[in-house]
Amino acid sequence: DAIFFGPHDFAASAGHPGVWDHPDVLRRILAMRKVAEKKGMPCGILAFGEKEARLRRRQGFRMISVGIDTVLMIRTLQRMMAALGRPVPSSVWDE
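Residues numbered from 1 in each chain as written. Predicted model: local features only at pLDDT ≥ 70, side-chain atom pairs only at ≥ 80, totals over all residues. Heavy atoms only, no water.

**Concerning helix 4 (residues 69-83)**
Step number 1: For helix 4, built from 15 residues, the straight-helix expectation of 21 Å at 1.5 Å per residue is met to within 8% by its first-to-last C-alpha distance of 21 Å.
Step number 2: Count one or two residues on from helix 4 and you reach Gly85, which has phi positive near 80 degrees. (Helix = DSSP H or I, 4+ residues; strand = E, 2+ residues; numbered from the N terminus. Expected span 1.5 Å × (residues − 1).)

So, in structure tokens, the structure goes:
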């Protein structure tokens, strides 16, 4: 058994839709992680980059997802297209 937090999903449930880094959301996730740890339950979370992944590890999360499938796919496609001499700007994906 384990608990895994999706910050976007939890933010919406906590009354802050779309604001995954809201101080209240972060505080509540960390508090729940501590409760889980006391009960011997490993806790995981999604990290949106290397810096955040390292932070989450320091915070005691034992499972850290390092990307969302669509984001990883887009990054891979951008690198491949650039390697083929046809770079695709990030703004294409934001529309």
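**So, the side chain of Arg56**
Step number 1: Relative to the assigned elements, Arg56 resides in helix 3 (residues 50-58).
Step number 2: Setting aside anything within four residues of it in sequence, one finds Arg56 in contact with Leu26, Ile45, Phe61 and Ile64. (Contact = heavy atoms within 4.5 Å.)

**Overview of helix 2 (residues 23-38)**
Step number 1: End to end, helix 2 covers 23 Å across 16 residues, agreeing with the expected 22 Å (1.5 Å per residue, within 8%).
Step number 2: Where helix 2 is concerned, the buried positions are Asp24, Val25, Ile29, Arg33 and Ala36. End-on, the buried residues of helix 2 take up no more than an arc of 170 degrees, which puts them together on one face. With respect to the buried face of helix 2, the exposed residues turned more than 90 degrees away are Pro23, Arg27 and Lys38.
Step number 3: Where helix 2 terminates, the next one or two residues include Gly40, which has phi positive at roughly 75 degrees. (Buried < 20%, exposed > 50% of the residue type's maximum accessible area, 1.4 Å probe, protein only. Arc of directions from axis to C-beta.)

Note that every value here comes from positions in space, so none of it alone points to a role or purpose.
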